[in-house]
Amino acid sequence: MRAMVVRRFGGPEVLEAVEVPVPEPGPGQVRIRVAAAAVNPVDAATRSGALSEAGVIPPREVLGLGWDVAGRIDDAGDTRFGVGDAVIGLRDRIALPLGAYAEYLVLDASAVAPAPPGLSPVEAATLPLNALTAAQALDLVETTGTLLVTGAAGAVGGYAVALAHARKLPVVAVASEADEALVRQFGAGEFVPRGPALGDRVRAVVPGGVDAVLDTALLGLDALDAVRGGGEFVAFAAGAAPLPLRGVRVRHVWIRADGERLAELAGRLPARVAGVLPLAEAAAAHERLAAGGLRGRLVLTP
Ligand SMILES: NC(=O)c1ccc[n+]([C@@H]2O[C@H](COP(=O)([O-])OP(=O)(O)OC[C@H]3O[C@@H](n4cnc5c(N)ncnc54)[C@H](OP(=O)(O)O)[C@@H]3O)[C@@H](O)[C@H]2O)c1
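Every value quoted in this text rests on a predicted model; they were computed, and no experiment measured them. (Residues numbered from 1 in each chain as written. Predicted model: local features only at pLDDT ≥ 70, side-chain atom pairs only at ≥ 80, totals over all residues.)

Chemist: In this structure, what is going on with the site of the ligand? I would like to understand it.
Modeler: What surrounds the ligand is a group of 28 residues, the closest being Gly-151, Gly-154, Val-156, Arg-194 and Ile-255. At the level of elements, α1 (41-48), α4 (128-139), α5 (155-166) and β10 (171-175) are the ones that each hand at least two residues to the shell around the ligand. Each residue belonging to the shell around the ligand can be placed in one class, and the counts come to 16 nonpolar, 11 polar and one charged. When residues of the shell around the ligand are assigned to domains, at least three fall in each of domain 1 (2-128 + 257-301) and domain 2 (141-252). (Near = placed C-beta within 6 Å. Helix = DSSP H or I, 4+ residues; strand = E, 2+ residues; numbered from the N terminus. Nonpolar A, V, L, I, M, F, W, Y, C, P; charged D, E, K, R; others polar. Domains from an automatic or database assignment.)

Chemist: I tried to follow the domain arrangement of the protein chain on my own but got confused; where do I start?
Modeler: Interface size is commonly expressed as the accessible area that is lost once the parts come together. By domain assignment, the protein chain separates into domain 1 (2-128 + 257-301) and domain 2 (141-252). If you average the C-alpha positions of domain 1 and of domain 2, the two centres end up 28 Å apart. Opposite the seven residues of domain 1 that make contact, domain 2 presents seven residues. (Contact = placed C-beta atoms within 7 Å.)

Chemist: It is not clear to me how the sheet that holds strand β1 (residues 2-6) should be interpreted in this structure. Could you clarify?
Modeler: In a beta sheet, neighbouring strands are held together by backbone hydrogen bonds and run either parallel or antiparallel to one another. Sheet architecture is open: three strands sit in the order β2-β1-β4, paired in antiparallel fashion. If you trace the sheet from one side to the other, it starts and ends with β2 (16-19) and β4 (63-64), each paired once. Bridge count between β1 and β2: four bridges; the pairing is antiparallel. If you follow Val-5 over to β2, its bridge partner there is Glu-16. (Pairing = 2+ DSSP bridges.)

Chemist: When you look at the packing of α4 against α5 in this model, what are you seeing that I'm missing?
Modeler: Each pair of packed helices gets described by two things: the angle between the helix axes and the distance between those axes. Where α4 meets α5, the closest approach of the two axes is 8 Å, and the angle between their N-to-C directions is 50°. Here α4 lies oblique to α5, going by the angle between them. At the point where α4 passes α5, the crossing takes the right-handed sense. Residue-level inspection shows Asn-130, Ala-131, Thr-133, Ala-134, Ala-135, Ala-137 and Leu-138 of α4 in contact with α5, the latter providing Ala-155, Val-156, Tyr-159, Ala-160, Leu-163 and Ala-164. (Axes fitted to C-alpha atoms, helices over the stretch in contact; angles between N-to-C directions. Parallel < 35°, antiparallel > 145°, perpendicular 65-115°, else oblique. Left-handed = near helix turned anticlockwise from the far one by under 90°.)

Chemist: Explain the environment of Asp-258 to me, please; I cannot follow it from the model alone.
Modeler: Structurally, Asp-258 is set in the loop between β14 (249-252) and α9 (259-266). Classification of Asp-258 by C-beta neighbours within 10 Å gives partly exposed; the count is 19. Between the C-alpha atoms of Asp-258 and Leu-279, which are 21 residues apart in sequence, the distance is 26 Å. (Buried ≥ 20, exposed ≤ 12 C-beta atoms within 10 Å, placed from the backbone.)

Chemist: What is the right way to read the sheet that holds β10 from this model?
Modeler: Strand order in the open sheet formed by six strands is β11-β10-β9-β12-β13-β14, with parallel pairing between adjacent strands. Because the sheet does not close on itself, it has two edges, and the strands there are β11 (190-193) and β14. In this sheet, neighbouring strand axes are inclined to one another by 20° on average, regardless of whether the strands run parallel or antiparallel. Alignment of strand β12 (residues 210-215) against strand β13 (residues 227-235), held across five bridges, turns out to be parallel. Among the inter-strand pairings, Val-210 is bridged to a residue of β13, identified as Val-227. Seen against the sheet, α5 touches β9 (147-150), β10 and β12 and runs at an angle of roughly 165° to β9. Strand contacts of helix α7 (residues 198-205): β9, β10, β11 and β12, with the helix running at about 155° to β11, the strand carrying the most contacts.

Chemist: Where do I start with the environment of Arg-246 in this structure?
Modeler: Mapped onto the secondary structure, Arg-246 falls in the loop between β13 and β14. Look at Arg-246 and you get partly exposed, because 13 C-beta atoms sit within 10 Å. Sequence separation between Arg-246 and Gly-231 is 15 residues, and the spatial gap between their C-alpha atoms is 8.6 Å.

Chemist: How should the nonpolar core be read in this particular structure?
Modeler: Nonpolar side chains tend to gather and get buried jointly when the protein is soluble and globular. In terms of nonpolar packing, the biggest core is built from 103 residues, with Ile-88, Val-149, Ala-160 and Val-161 touching the most fellow members. Taken together, domain 1 (2-128 + 257-301) and domain 2 (141-252) each give at least three residues to this core, which thus spans both. Beyond its immediate chain neighbours, meaning those up to four positions away, Val-161 contacts Val-149, Ala-152, Val-171, Ala-173, Val-183, Phe-186, Gly-187 and Ala-188. (Core = buried A, V, L, I, M, F, W, Y, C linked by C-beta atoms within 7 Å.)

Chemist: Help me understand the environment of Asp-200 in this model?
Modeler: With respect to the helices and strands, the residue Asp-200 is situated in helix α7. Put simply, Asp-200 and Leu-277 are 77 residues apart on the chain and 42 Å apart in space, counted from C-alpha to C-alpha.

Chemist: Would you mind going over α9 with me for this structure?
Modeler: For an α-helix, the turn length of 3.6 residues means that residues three or four places apart are oriented alike. Gly-259, Leu-262, Leu-265 and Ala-266 are the residues of α9 that are buried. All buried residues of α9 project into a common sector of 120° when viewed along the axis, lining one side. Structurally, α9 contributes buried residues whose contacts are with β6 (86-90), β8 (112-114) and α4. (Arc of directions from axis to C-beta.)

Chemist: What should I look at first to understand the packing of α4 against α9 in this one?
Modeler: Taken N-terminus to C-terminus, the directions of α4 and α9 make an angle of 100°; their axes are 10 Å apart at the nearest point. Considered as vectors, α4 and α9 are oriented roughly perpendicular to each other. Of α9, the residues touching α4 (which contributes Pro-128, Ala-131, Leu-132 and Ala-135) are Arg-261, Leu-262, Leu-265 and Ala-266. Tallied by class, the residues present in the contact of α4 with α9 amount to seven nonpolar, no polar and one charged.

Below is the structure:
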């Protein structure tokens, strides 16, 4: 089968098409015939070597890319799934030689959920990583008070706003001015445009500061400055956690696959597709991701 991998780190041009044997599922695993695989920032950070430099990925000769998958079960093994079932799933092991940028992907059945009805595979592939990350980040927050979400128009941030709103948390969203209507539609009650002196501008809206922040834009200290003393901060990347100034409790979210949770989330959150490209054009997708300004995910189809 055809897959896209990296054997050296660098720009989008290091993405390489390879022919490899179709992977065989082991106990408790399924093989999915991939119909769509979303392109996420983690793929770019894997390809560039940023995650290896950060110590998140151990040395490997070959790294597969792609975490989000939508497709049909091709080999159900000993699992509860049947051949032909439409599914979505998440690869959460970061250092594997094959990912979802491929014609077939083997996953633990526990990482797989039925595809949400009414969505195409391209739409469904945009859900797993970002829906689960947003939900698992919110799990880390204990407050029932005001929540700040930076990067609120982004894939994780948009879902975080929607899920926090559903939990009845008052949400302050930080995004570009052009995205105010979008993030209010997700459920933000207050909007603060991105830019300098964020802490001051958030405190002008929420006197004393917010109770917690989900910092999906990786602003670090600038986002922490908006949190009240003793509040909560959730960081989303290696090196993105600030010092716990003023007694703010700083935590990291690290995504983990969870098919049951994914099934529940997939029916509640909107799919966000920025564009569709053939798998062979993964490098072009990475260039578009690097250019910024995408709303939703680019999706690759084998
Ligand atoms: N730890 C985990 O388990 C985990 C899981 C998933 C994702 N992540 C990480 O979480 C981060 C967000 O992921 P994502 O998929 O949501 O990315 P995304 O879709 O690119 O969204 C990021 C958003 O942040 C915005 N942004 C950038 N700089 C900003 C600033 N200074 N102020 C306000 N907003 C700003 C971007 O706007 P523009 O596009 O206009 O620049 C974009 O809307 C990434 O670093 C990703 O690697 C971590």
